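# Fold and geometry: a report
What follows is the residue order along each chain.
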Amino acid sequence: MRVLFTLCALWLGTALYAQEVFWTEDFGTGCNQGQVVSSYSGTNGAWTLANSGSNQTASNTFYVSAMENGNAPGECGSSCGNDRSLHVGNVFIDAILIQIPADQGASYYDSGAAGLCGFIDCSTTDKRAQSPVIDCTGYENIEVTFSYLEGGNGITDNAVLQYNTGSGWLVLQDLPKTTCCGGPCNGTNQGLWSELTVTLPEEAADNPNVQLGIRWVNNDDGVGTDPSFAIDDISLSGTP
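A few points on the structure. (Residues numbered from 1 in each chain as written. Predicted model: local features only at pLDDT ≥ 70, side-chain atom pairs only at ≥ 80, totals over all residues. Heavy atoms only, no water.)

### A few points about the pairing of strand β15 (residues 225-239)
Put simply, the test is: Here the term buried applies to any residue with accessible area under 20% of the maximum for its type, exposed to any over 50%, and partly exposed to those in between, with areas from a 1.4 Å probe on protein chains only. Secondary structure is summarised from DSSP: a helix means a run of H or I of at least four residues, a strand means a run of E of at least two, and numbering begins at the N terminus for each. A pair of strands is treated as paired once DSSP finds two or more bridges between them.
For β15, a buried count of 13 out of 15 residues is recorded, marking the element as mostly surrounded by other parts of the structure. Sheet analysis places strand β1 (residues 20-25) next to β15, joined by 5 bridges and oriented antiparallel. Within β15, the residue paired with V21 across the bridge is S237. Note that strand β6 (residues 85-89) and β15 share 2 bridges and pair antiparallel. Bridging across to β15, H87 finds its partner in A230. Bridge analysis of strand β10 (residues 140-152) against β15 gives 9 bridges, and the strand direction is antiparallel.

Here is the structure:
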């Protein structure tokens, strides 16, 4: 009887504190190209794009499309599938009479290579893609889970996950770089999708005014390599 009581107590405790998913974002389906994130509105509302620092004429930007397909964790990056992701890509650039098209997936323009910045459009970037407001009322111990891939170069070409609980944007985590398929991330090999879970701070608990943001910076020194950054299948869970 004592064993049965203990097992029941353990089950009840687990049930009471089980994580419950209450917000998701998968960015939809379809192989469109070139939709800037500020033009995207999902079931939760509209996403926005903000300048978080200095941006030059050919600065990278955030797109929502399947040009970087939102693959499952453990799968290699691919383009033009049917599962859209939020990713960092190029804008249209005139590079010595050669036009580099916008939104080639998680591929970014870094014109500092071979000292080209100054002769063609420069790409210094500091932008943030911002989620709609997320109502976390009634939940605590909130976790953010998502699939992503990221290349770049250290902290100079880099993605950072941020949050805002109504008092301004703060860093939640400088996202770890992911690996690439078939060898090193050298600009040729596709990125490998990974999964990460990050815990929001206590001020997000029971807060109706929470936002997530992805800040991408590129210092335009020509050193970083593709992939840039992509994210998909974001979910928030908490204990009621």
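So, next bit.
### Notes on the packing of aromatic side chains
Worth spelling out the cut-off: What counts as a ring pair is set by centres within 6.5 Å for rings of Phe, Tyr and Trp (its six-membered ring), and what kind of pair is set by the plane angle: stacked under 30 degrees, edge-to-face over 60, tilted for all other angles.
For the structure shown, the criterion picks out 6 aromatic pairs. On the basis of an interplanar angle of 55 degrees and a centroid distance of 5.3 Å, the ring pair of F27 and W47 is categorised as tilted. Of the two residues, F27 sits in the loop between β1 and β2 (41-42) while W47 sits in the loop between β3 (45-46) and β4 (48-51), which places them 20 residues apart along the sequence. Per residue, the accessibility class of F27 equals that of W47, and both read buried. Taken together, F27, Y40 and W47 form an aromatic cluster joined through their ring pairs.

### Topic: the environment of P176
The following threshold applies: In what follows, a contact means two residues having at least one pair of non-hydrogen atoms within 4.5 Å.
Looking at the element boundaries, P176 is found in the loop between β12 (169-174) and β13 (194-199). For P176, a relative accessible area of 36% corresponds to the partly exposed category. Separated by 25 residues in the primary sequence, P176 and G151 place their C-alpha atoms 9.2 Å from one another. Excluding residues that lie within four positions of it along the chain, P176 makes contacts with Y148, E150 and L196.

### What about the nonpolar core?
Selection criterion: Put simply, a nonpolar core is a bunch of buried Ala, Val, Leu, Ile, Met, Phe, Trp, Tyr and Cys residues held in one set by side-chain atoms that sit within 4.5 Å of each other.
L86, F146, L200, F229, I234 and L236 are the most contacted members of the largest nonpolar core, which totals 36 residues. Listed by contribution, the elements that provide at least two residues to this core are β1, β5 (61-65), β6, β10, β11 (157-164), β13, β14 (211-218) and β15. Excluding residues that lie within four positions of it along the chain, L200 makes contacts with I142, V144, Y163, L172, V210, L212 and L236.

### Things to note about the state of the cysteines
Let me state the cut-off plainly: In what follows, a disulfide is any cysteine sulfur pair within 2.5 Å.
As enumerated under the stated definition, the model contains 3 disulfides in all. Shown here is the disulfide that connects C31 with C80, its sulfur atoms set 2.1 Å apart. Taking the sign of the S-S torsion, -125 degrees for the link of C31 and C80, the bridge is left-handed. Taken together, the positions of C31 in the loop between β1 and β2 and C80 in the loop between β5 and β6 put the pair 49 residues apart, joining distant regions of the chain. For C31, a relative accessible area of 34% translates into the label partly exposed. C180 shares a disulfide with C185; S-S distance 2.1 Å. The S-S bond linking C180 to C185 shows a torsion near 110 degrees; that makes this disulfide right-handed.

### Observations regarding the environment of V21
By secondary structure assignment, the location of V21 is in strand β1. Along the chain, V21 and V144 lie 123 residues apart, while their C-alpha atoms are 9.6 Å from each other. When near neighbours in sequence (up to four residues on either side) are disregarded, V21 contacts S235, L236 and S237.

### Concerning unusual backbone geometry
Cis geometry marks the peptide bond from D226 to P227; its omega dihedral reads 0 degrees. Even without being glycine, F27 reaches a positive phi, approximately 65 degrees. If you check the backbone angles, D220 has positive phi at about 60 degrees while not being a glycine. Mapped onto the secondary structure, D220 falls in the loop between β14 and β15.

This is a description of form; function is not addressed.
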